[in-house]
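# Understanding the architecture of this molecule
Next come the chains, spelled out residue by residue.
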Amino acid sequence: MDNAKIIEALKKTPIFAKTTEESLGTLLKVAIQKTVQAGTKIVEKGQSGLGFYLILDGAADVMSGGKKLAELGKGSFFGELSVIDGAPRTADVVAKTEITCLVISQWAMRGTITTHPEIALSMLEELVRRLRAMDEARTKG
Amino acid sequence: MGGTLSRVPLLCLGSAAALSDGRSWNSTLVDGRILLDLPPTAVINLRRHDILPAALDVVFISHLHADHAFGLPFLQLEYTLRCARETPLYVVGPPGLREQSEVLFRLAWPGLGRAELMPKRRVEYVEVEPRREFRVADLTVAATPMSHFGLQAFGYRFTCRGVRFAYTGDTGDCCEIDELTRDVDVAIVELTHPVPKSDPGHLDIARFTRLLEAVRPQGTRVFATHMSVPPAVGLEGATFCEDGKLYWVETRQRV
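Let me sum up the structure you'll find in this document. (Residues numbered from 1 in each chain as written. Chains lettered and ligands numbered in written order. Predicted model: local features only at pLDDT ≥ 70, side-chain atom pairs only at ≥ 80, totals over all residues. Heavy atoms only, no water.)

For the rest of this paragraph, the subject is the pattern of salt bridges. Between side chains of opposite charge, a pair can form when the charged atoms approach closely. All names here are of chain B. By the definition in use, this model includes 25 salt bridges over all chains. For R210, the salt bridge identified is with D173, shortest N-O distance 3.1 Å. Note that R210 is positioned in helix α6 (residues 205–215) and D173 in the loop between β10 (163–167) and α5 (176–181), a separation of 37 residues in sequence. Since its relative accessible area comes to 45%, R210 is described here as partly exposed. Of the charged contacts in the structure, one is a salt bridge between E242 and K245, with a shortest N-O distance of 3.9 Å. (Salt bridge = Lys/Arg side-chain N within 4 Å of Asp/Glu carboxyl O. Helix = DSSP H or I, 4+ residues; strand = E, 2+ residues; numbered from the N terminus. Buried < 20%, exposed > 50% of the residue type's maximum accessible area, 1.4 Å probe, protein only.)

Below you can see the structure in the form of structure tokens.
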């Protein structure tokens, strides 16, 4: 996918919707596109990780202890917790289909957040949504 | 003290000396764009961490031994076949760097030297002169001669986003180490022998400990790398680099 198409895709995601095209272009210079086959473990629970992942195409399952916690699709992100605190991954993320992700390093993401705090707000909104969903699932369970 | 707090990431791509025990050879990525030494494992470790080799702005090569410089053919291959970028990559090293780089490329990839297959991204070689300050990319750099078996080996001082760094490369005991590490925020220092050992071309734990004591009053954070084995016990004030680990270093920017 070329940069113009990626920027177009990023603008449709909640976390980058308000980021300028110029800033996204700068971010893309140090981001990497990664395509993996279905069944591939993209991040592994317990491992240290440097990348923030945004799904450009395809789908992935979030797994822990053999249990599926969530399914992520186009426009979703993962790896954000390690970007924030640098701690090891909290779950496995496994490609459900062939999947293409944009991978942004922890420092590039932090730099972008510093200059574009609205990204942090959007990430927080999504994190809260996930937390509430987990809480609800636990209450029901 | 006033000023803005500046934090810079430091990723250990490898921490081993030439005779590795299975760890990758010594290489450190500073601020996601400055590489300290270029062993054959550096490019593969960048890729392993999903970091584009095209993100590099400057590569410092301390000397032309294989575990510090033989990653050049792999980086050149990346730039020939995969990485397009507008700005040049600066490769900084001792005199003879350009020639060695060309020889290595021809030996490593025969047939790829034709004009149409030359790197898509310009590579600028900067062969250093001792103690003369110079600019590469946005960095002001000074190269200090180190003591390494009579080779032209250099340590480097540079400032990145307000954080003052020193990197020794390989060196035996010499007074230039103190010159190199004076008044820096971060010192990345070779520790080939984490035990007492006499070696004219490398540091052992005794000399490393003396260095720690010397820089402690100035608040320098010291990282040990290029270790033959990981040290068995910790040392107050020192961080022993671990392959794949990310560290954050900081200073208060002087205004």
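There is more to say after this.
Time to look at the side chain of S62 of chain B. Within the secondary structure layout, S62 of chain B lies in the loop between β4 (58–60) and α2 (66–69). The residues contacting S62 of chain B, other than those within four sequence positions of it, are D37, H68, P94, Q152, A153, F154, Y156, Y167, G169 and D170 of chain B. (Contact = heavy atoms within 4.5 Å.)

A word on the sheet that holds strand β13 (residues 238–240) of chain B. Residues and elements named next belong to chain B. Spatially, β7-β8-β9-β10-β11-β12-β13 is the arrangement adopted by the seven strands of the open sheet, whose pairing is mixed. The open sheet has two free edges, formed respectively by β7 (134–136) and β13, since each of these has just one partner strand. Direction aside, neighbouring strands of the sheet carry axes that sit 25° apart on average. Pairing of β10 with strand β11 (residues 186–190) involves three bridges; the strand directions are parallel. Note that in β11 the partner of Y167 across the bridge is I188. Against the sheet, α6 makes contact with β11, β12 (221–225) and β13, and its axis sits at roughly 165° relative to β12, the strand it touches most. (Pairing = 2+ DSSP bridges. Axes fitted to C-alpha atoms, helices over the stretch in contact; angles between N-to-C directions.)

Core analysis: the biggest nonpolar cluster contains 67 residues, and F16 and F52 of chain A have the highest contact counts within it. Apart from residues no more than four positions distant in its own chain, F52 of chain A is found in contact with I15, F16, F77, F78, G79, E80, V83, L102, V103, I104, M109 and M123 of chain A. In terms of nonpolar packing, the next biggest core, distinct from the first, is built from 29 residues, L10, V141, F158 and Y247 of chain B among them. (Core = buried A, V, L, I, M, F, W, Y, C linked by side-chain atoms within 4.5 Å.)

Let us now look at the layout of surface pockets. Residues and elements named next belong to chain A. Of the pockets and cavities examined, the second largest pocket occupies roughly 870 Å³. What lines the second largest pocket is a set of 30 residues, and nearest its centre among them are V62, L69, A70, R130 and M134. A total of eleven residues in the lining of the second largest pocket trace back to one element, the largest contributor, which is helix α5 (residues 117–140). Looking at the lining of the second largest pocket, its residues break down into 17 nonpolar, three polar and ten charged. (1 Å grid on protein atoms, 1.4 Å probe; cavity = no way out; pocket = protein on both sides within 12 Å on 5 of 7 lines; lining within 4 Å. Points joined across faces, edges and corners; volume = space filled by probe spheres on them. Nonpolar A, V, L, I, M, F, W, Y, C, P; charged D, E, K, R; others polar.)

In many analyses, interface size is given as the accessible surface area lost on bringing the parts together. Residue-level contacts link 16 residues of chain B with twelve residues of chain A. Carbon and sulfur atoms make up 64% of the surface buried where chain B meets chain A, a total of about 1100 Å² over both sides. The three residues of chain B that bury the most area against chain A are D50, L52 and W248 of chain B, which together make up 44% of that side's buried surface. Inspection of the region where chain B meets chain A yields one salt bridge. When the shortest N-O distance is used, the salt bridge between K34 of chain A and D50 of chain B registers 2.9 Å. Where the side of chain B that touches chain A is concerned, the elements lending two or more residues are β1 (5–14) and β14 (246–252) of chain B. When residues of the side of chain B that touches chain A are assigned to their parent elements, the largest contribution, three residues, is made by β1 of chain B. Taken together, the residues of the side of chain B that touches chain A sort by class into eight nonpolar, three polar and five charged. (Buried area = accessible area lost by both parts, 1.4 Å probe.)

Looking now at the pairing of β10 of chain B. β10 of chain B sits mainly inside the fold: four of its five residues count as buried. Where strand β9 (residues 154–160) of chain B folds back on β10 of chain B, the antiparallel hairpin that results is connected by two residues, among which R161 of chain B adopts a positive phi of roughly 45°.

Residues and elements named next belong to chain B. The phi torsion at D183 lies on the positive side, around 60°, for a residue other than glycine. Of note, D183 is situated in the loop between α5 and β11. Phi at H226 is positive, roughly 55°, even though this residue is not glycine.

Counted according to the given criterion, the structure contains seven aromatic pairs over all chains. Between F158 of chain B and F165 of chain B, the ring centres sit 5.2 Å apart and the planes meet at 15°, which makes this aromatic pair stacked. The exposure class of F158 of chain B is buried, given its relative accessible area of 2%. Since its relative accessible area comes to 1%, F165 of chain B is described here as buried. Here the aromatic cluster, defined as three or more aromatic residues joined through ring pairs, consists of F60, Y156, F158 and F165 of chain B. Seen from the ring of W248 of chain B, R110 of chain A lies directly overhead, with NZ or CZ sitting 4.8 Å from the centre. Sitting over the ring of F77 of chain A, R130 of chain A keeps its end group 4.7 Å from the ring centre. (Phe/Tyr/Trp six-rings, centres within 6.5 Å; stacked < 30°, edge-to-face > 60°. Lys NZ or Arg CZ within 6 Å of the ring centre and 35° of its normal.)

With that out of the way, let us pick up the sheet that holds strand β6 (residues 77–78) of chain A. Residues and elements named next belong to chain A. Spatially, β1-β8-β3-β6 is the arrangement adopted by the four strands of the open sheet, whose pairing is antiparallel. The open sheet has two edge strands, β1 (32–36) and β6, and neither has a second partner. Across the face of the sheet, helix α1 (residues 3–11) comes into contact with β1, β3 (51–57) and β8 (99–105) while running at roughly 100° to β3. Set on the sheet, helix α4 (residues 106–115) makes contact with β3 and β8; between it and β8 the angle comes to about 70°.

So, about the packing of α4 of chain A against α5 of chain A. When two helices pack together, their arrangement is given by the angle between their axes and by how far apart the axes lie. All names here are of chain A. Close contact between α4 and α5 brings their axes to 4 Å; oriented N to C, the two are set at 110°. With respect to α5, the axis of α4 lies roughly perpendicular. Counted together, M109, T112, I113, T114 and T115 of α4 and P117, I119, A120 and M123 of α5 form the full contact between these two elements. Looking at the contact of α4 with α5 residue by residue, the classes come out as six nonpolar, three polar and no charged. (Parallel < 35°, antiparallel > 145°, perpendicular 65-115°, else oblique.)

Fair warning: the whole summary comes from geometry, so function is off the table for now.
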